[in-house]
Structure formats: C-alpha cells, structure tokens
Amino acid sequence: MSIQKISKYAQHFDLVVLYEEGASLPFREYADAVFRTSDYRPIEAIDATTSLHSHLFVLCGSSNFLKSPVIKNVLAASQYLELIILTPENTNISALKIALSLRASSVSSIPSNEDEFVNVMMGVFSTLVKKHNESILNNYDRTISEYSNNLFWIHKEGKAVYANDTLKRELGIKSLAELDQSFNDKEMAPLLKKVEIAQKIISKKAASGEVKEFFVTNQPLKDEEFLVTMIPLTEPIQTSKKQLHNRMSFIELLTDAFKVHKKENESIPVIVMYIENSDKIIEMRGENIYNEVCKEILKLAQLHFDLDIQIAQWDKDIYTLISSTILLNELKNKLEQFHERLSAEISIEGASPMIDSFLIDMQGVELNKAIGIIDHINQKQLLSRDLAHLVHFEISASPQEEDNYHQAIHYLEKMIMTKTPIKLLNFYKGIRISTAARIVKISNDLVYVSIEKIQGYAMKLEQNVVIQGANMPFDILANVKIVDVGKKIAVLSNFEPLQASGNNRQYIRIQSDHRMHVTITAAKSVMSGTILDISIKSIACKLSVSKVPLVLGSNVNLQFNLPLDRFDGGMVTMVVPGSLQYIHESEEFTKVVVDLNLAEPYESYLIEYIYARQQALVNEIKTIANRL
C-alpha cells in the first residue's frame, strides 16, 4: 500500500512518539516523510515538568512501559487530539485494558514496514481529521461567544437558556433568573413576544451604573428558541484621531495580514499590551480614573507609533497593535521608546499604569493559535510553545502603586519572558551553594524552577533560597514551598527583595563536623563553650553564661584544638588573640563573635583547615544529593 495514501492527511498534523528505552522504531523514516513535524522522546528524557503537544500522540513500548506512572503524568500535562499505542508484544487483553485506562483509540503491533505503517495510520486519520475540524470550530465558537463585544442571549418562551460572558459582565448579571427579571420591562418584553425578526433601540443600565443604548434584534432559531443580539451604540473609550478596534475586528486585521504576508514569508509582528495593575487602579481610584488612564495610554501610543498602526481593545486590560509596514526590529525599538515615555508621562491622580508589553512574530502561526497566544497573555498562562514566538518583552514598573513583593514578582516574570537564566544561592554548613537554574512557570504568585540536585538539597534544609539574576536590580529571598530533589524541581513563594546582595559574605564561614571546644580568656574571666562556625577572620562561639559582664571591643584570647591530619593525633592547638565584635546574652547561653588577629603559623593552619573542610562539605552534599 503506497504511503502517498496517508501523506495528504499527515502533512497537516504534528506527531509525538514517547518510547521505551531500547524500543525499535522501524516506522520512523516513514513518519518523518509524511507528518508536518515529528518528535521522538525516550521516557528517560521525561520529567515532572514535561508537557508535549501534538495532534497525534503515540506510546511505543511494552506493557511494563505503558504501566509507568510517568506515562499518566505526561499525558495529563500534554495536549493532543488522538492517542494510539504501538507495542512489540501481541495485542492481548492486558494491552487493551491499559489502552482503555489511558483512553487510547487503538492498540497495534509496531509496524515494521511501509505497508503496516500505512494500515495503522489509515485507521487513525478518519477520527483524527474529524476531531481536528471539530476543535477548530469549537475554538471559533468559543471565541465568538465569550469575547465578542456584542451582547447576546437565547430564550425559549421568554425564559433565558443561555447568555454570553460579555452580556453578564456588561450588565452585571450573574444568573439566568436575574436576566429574565432584568428584561421583563416595558421596552424589552413586547420585543421578546414577537415570533418574527424584530428590532429596536433600547436603553439599559450597565454594571458601571452608566445608562447605555443598544441596537437589539430578536431572531427566531429552531425548536421555539430565539436569539437576542445587543449591539452597543457607543464604545467605552472613544479616540478622536483613529478608530479603536474591538476584538473581532482585530482578528479580521490579523487574518488579512496572514493572507498578505504568507506568500512573501515575511514576519507578522503583533504587540500585546497588558495593564497589569488595572484591578488595583479601579479598586483604589475608581473606574473613571482607570478609563482616563487608558485614554492617555492610547493617545501616547497613537503619537509614538506610525500612523498605519491599528489598535484594538482585546479585553478590559488588554490592547493589541498591528502594523502592515513597520519591520520587526523597528517596532521593537519603538516599543522600548514607548515604555521610556510611559512611566514619565502618564499619571492621573497618582494612578500610573504598569504595562507588560509582548512583541510577537505571528509568522507561520495558524489564526487559532495566534488568538490563543493573546488569550494566554490575558490569562497569565503563557506556555513554552508560545514563548517560541516571543521576540521582545518590556515591563514598566510603578513604584507608587506596587509594593516590593509585586515588584519582585514582575522582575521574575520578565526573566521568564526573556528566557534569562538565574542563579540560586544557599549555604550548607557555612559553604556557599550557588548553581544555575531556570524559571519554568509562574502561576498564582508561585514560581516553578528547574534546579540542580545539590541546590535542591540545600534548599530543603534551609527552606528558603536567594534568587539572583543579571537583569534584576536586587536579589530576591523566597520561601521554598515544595522541593523534589530527585525530579530537580522546586516551587517558591513569598518573595522579598533584599536590601543587600546575598553575595555579601566576604569570607567563607565553616561549621565543623564535630563539637569543637573553646576557652576564651577576657581580663580575669575564663569562659568555656563551643565553636559555631569559623572563618579566616572571625569565630562565632556559644558560651556558658558569664558571671563577669563582657565588653564590646575588648581584647580576648582563644584556645582550641583545630583538626589537621598532618599533626600528631590529628589536632593542632591554636592560641590566638582577638576582640569581641558581637555579644548576645540570654538566660541559657551567650553568643559572641570574635575578630581574630592571626599571626604565623596559626593563620596558615586556619587557612589549611578551612580549605580541607570546604572540600569535604562539597563532597558530602554532592553524595547526599545524588542519593535522592
């Protein structure tokens, strides 16, 4: 059977194959030849953060492979239209039970030649094509019903059976019963009773308290149902120089851009501006002030960008911009300049907008996916596949409106958008543990990071971590909510900008692997205790309560045994002078820090010990982390 029979279908679909280690994939050359894209992942390359997206998802392996908990986790996190199983074993009742639990549409033997591969695919494409077409229609239906600027609802015998989100939001209606009550008035009731198409202009009080006019159409459908469409006669924000498009008209502009630029293989740049603090402005200053802020943003955009730029209000706090002539790099430069002017020029009664701007190249993107990317920005749920189209990201901070916590969150968001690497900092028994990490996702003020095992173990012990980045004006202290050392993933919360850098420790402070006794002589008083940590310049000690009061800055002498293998008994006695630089007294003990005044050979002894202990601690934490 010729592979050409399936190529006309497969060329429109993406394939992902998740296979067992050592599994044979003789069909790979045939799949690569016909599918639009094909991605093969061994199960060893999969972790807790993996999310795969395709039209056709294939699991290839034995029954033991299919029973792996990792499989269910990956499928739950992934998006696909159809799932099939290919197994080297004979199709039996066990394989069918697994397929049923995973909701796979079919189970087949791994095809070993072209004809077998074509037969398997022919059994898949009939449902795959149908699901693909249905998903496109459903997405368009959802887009129109949920995000249209028009209000509409369906009623039967005068009782509402459906209302779109725009109507509920605009009129402040939460239930269908409330909708029936709202439209049972002298203006609307007679219109709803007519069995033919009827039209009328009516006035309605919006949720904001403002009375607005709507052009209303009552149109019969089927089964005695009627569709009521309400078109607002005024826009919420008017501009004198240029029309402000709504969501649907912007989609039309985007569709035209795809048609014009598709053949030329040119970039299709779109700017998405998200007013991050819109809800806070409304809460603190009121909706009228927020509308004035929006007008100023639009005025600035119209002055700053070229005349052919088209601007749309995608949602309450989302604006989209598209141009048919400005090149990608030029638009990036203009966006950067816009943000420079934004914070300086827009502030109304103390309300300043904080805008996240995304420059996206929609070249090669299907219309439905382009709409999805903008919606993901609106919902603050950008996916890794969306970031592949992100060209530039700008964020404007508003120190008058935002506290330090939200400032920290926004800098972290900027780092994930620009794919900037970060470093994590912890201390393990005094030594610095600092490794590279990657922000995977930010959701509901939680930050998900991919980490190294050694860092994960240190985070688990300290239950906090310092986040550092080249593009951040401050280090950020975060609590460790969840850390999985084995899977190398951590979830962080409660972010606090640090006034000083986490790197401010000038000297390494080491904790010993055993109890180190110390005797401190101050004037005529002798105190005993233990060493908490030790550096080349100071020693922190925990002492028994002294009967003689200690004086800050006074001179003292310390005597203790320092572990060094090259001396007899593995110890060398240290007798060193110093001065008290910190004293904390309590009822149970006294903690002091003594600045050392070292002379030879004691300075060399201490350097030798700290270096050896540091190496031992690094090996210790590596060994522990690798076992987890």
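It should be noted that the structure appears before, not after, this text.
Residues numbered from 1 in each chain as written. Predicted model: local features only at pLDDT ≥ 70, side-chain atom pairs only at ≥ 80, totals over all residues. Heavy atoms only, no water.

A. Up close: the overall build of the protein chain. Summing up its helical and strand segments, the protein chain has 18 helices and 28 strands in all. In the protein chain, which comprises 628 residues, the share counted as buried stands at 46%. In the protein chain, once contacts between residues fewer than 6 apart in sequence are set aside, the share between residues at least 24 apart is 63%. Put simply, the protein chain shows about 32,100 Å² of open surface, and 49% of that area lies on carbon and sulfur atoms. (Helix = DSSP H or I, 4+ residues; strand = E, 2+ residues; numbered from the N terminus. Buried < 20%, exposed > 50% of the residue type's maximum accessible area, 1.4 Å probe, protein only. Contact = heavy atoms within 4.5 Å. Areas by Shrake-Rupley, 256 points an atom, 1.4 Å probe, with all protein chains shown as cover.)

B. Structural detail: the sheet that holds strand 23 (residues 517–522). Taken in spatial order, the six strands line up as 23-24-25-28-27-26 and close into a barrel, and their pairing is antiparallel. Here the average twist between neighbouring strands, direction ignored, is 40°. Along the sheet face, helix 18 (residues 602–627) touches strand 24 (525–534), strand 26 (555–563), strand 27 (571–585) and strand 28 (590–596) and points at about 85° away from the line of strand 27. (Pairing = 2+ DSSP bridges. Axes fitted to C-alpha atoms, helices over the stretch in contact; angles between N-to-C directions.)

C. How the structure looks around the environment of A206. Tracing the backbone shows A206 in the loop between strand 8 (198–205) and strand 9 (211–220). The exposure class assigned to A206 is buried, which follows from its relative accessible area of 7%. Sequence separation between A206 and R169 is 37 residues, and the spatial gap between their C-alpha atoms is 8.8 Å.

D. Highlighting the environment of P601. Mapped onto the fold, P601 is located in the loop between strand 28 and helix 18. Spatially, the C-alpha atom of P601 lies 9.5 Å from that of M574, the residues being 27 residues apart in sequence.

E. Focus on the sheet that holds strand 9. Here we have five strands laid out as an open sheet, ordered 7-6-10-9-8, and antiparallel in their pairing. Pairing within the sheet leaves two strands with one partner each, and these edge strands are strand 7 (159–163) and strand 8. Strand-to-strand, the axes of this sheet are offset by a mean angle of 30°, without reference to chain direction. With six bridges joining them, strand 6 (residues 151–156) and strand 10 (residues 225–232) adopt antiparallel strand pairing. The residue bridging H155 from the neighbouring strand is F226, located in strand 10.

F. Local environment of the nonpolar core. Within the largest apolar cluster, 54 residues are counted, with the highest numbers of intra-cluster contacts made by F358, M362, L412, I439, I467, L492 and F495. For I439, the residues in contact, after removing those within four places along its chain, are L412, M415, I416, I422, V447, Y448 and V449. Listed in part, the 39 residues of the second largest apolar core include I433, L558, L596 and L598. (Core = buried A, V, L, I, M, F, W, Y, C linked by side-chain atoms within 4.5 Å.)

G. Focus on the pairing of strand 21 (residues 476–484). As judged from the four bridges shared by strand 20 (residues 464–468) and strand 21, these two strands associate in the antiparallel manner. Bridged to I467 within strand 21 is I476.

H. Local environment of the pattern of salt bridges. Overall, the coordinates contain 12 salt bridges when judged by the stated rule. Among the salt bridges present, the one from D375 reaches R247, with a minimum N-O distance of 3.1 Å. In this pair, D375 is assigned in helix 14 (residues 367–378) and R247 in helix 10 (residues 247–262), connecting sequence segments 128 residues apart. Accessibility assignment for this pair places D375 and R247 in one class, buried. Note that E336 and K332 form a salt bridge whose closest N and O atoms lie 3.0 Å from each other. (Salt bridge = Lys/Arg side-chain N within 4 Å of Asp/Glu carboxyl O.)

I. Representation of empty space enclosed by the protein. The tally for this structure, following the rule as stated, stands at one cavity of 30 Å³ or more. The volume enclosed by the largest cavity comes to roughly 50 Å³. Lining the largest cavity, in full, are L15, V17, F27, F35, L56, V58, L86, F117 and M121. Breaking the lining of the largest cavity down by element, the ones donating at least two residues are strand 1 (14–19), strand 3 (56–60) and helix 6 (114–147). (1 Å grid on protein atoms, 1.4 Å probe; cavity = no way out; pocket = protein on both sides within 12 Å on 5 of 7 lines; lining within 4 Å. Points joined across faces, edges and corners; volume = space filled by probe spheres on them.)

J. Region of interest: the environment of A160. Locating A160 in the fold gives a position in strand 7. Put simply, A160 and F226 are 66 residues apart on the chain and 9.4 Å apart in space, counted from C-alpha to C-alpha.

K. Main features of the packing of aromatic side chains. Counted under the stated rule, the structure contains 11 aromatic pairs. Summarising the aromatic geometry, the rings of F27 and F117 are spaced 6.1 Å apart at their centres and angled 5° between planes, so their arrangement reads as stacked. Placement of F27 in the loop between strand 1 and helix 2 (28–34) and of F117 in helix 6 is noted, with a sequence separation of 90 residues between them. A cation over an aromatic ring shows up here: K441 above the ring of Y448, its NZ or CZ 4.6 Å from the ring centre. Its guanidinium or amino end placed over the ring of F589, K542 lies 4.7 Å from that ring's centre, counting from NZ or CZ. (Phe/Tyr/Trp six-rings, centres within 6.5 Å; stacked < 30°, edge-to-face > 60°. Lys NZ or Arg CZ within 6 Å of the ring centre and 35° of its normal.)

L. Structural detail: unusual backbone geometry. At the junction of E600 and P601, the peptide bond is cis and its omega measures out at 5° in the coordinates. A positive phi angle, close to 60°, is found at R103, a residue other than glycine. By the secondary structure assignment, R103 is in the loop between helix 5 (93–102) and strand 5 (106–109). Residues other than glycine seldom take positive phi values, yet Q463 does so here, at roughly 65°. Checked against the element boundaries, Q463 lands in the loop between helix 17 (453–462) and strand 20.

M. Quick peek at the pairing of strand 23. Where burial is concerned, the two faces of strand 23 differ: the one with V518, I520 and A522 is buried and the one with H517, T519 and T521 is not. Pairing analysis gives six bridges linking strand 23 to strand 24, with the strands arranged antiparallel. The residue bridging H517 from the neighbouring strand is T530, located in strand 24. Linking strand 23 back to strand 24 in an antiparallel pair, the connection comprises two residues, with A523 at a positive phi of about 55°. When strand 23 meets strand 26, the two strands line up antiparallel, connected through four bridges. Across the sheet, T519 pairs through a bridge with Q559, a residue of strand 26.

Treat this as a map of the structure, not an account of what it does.
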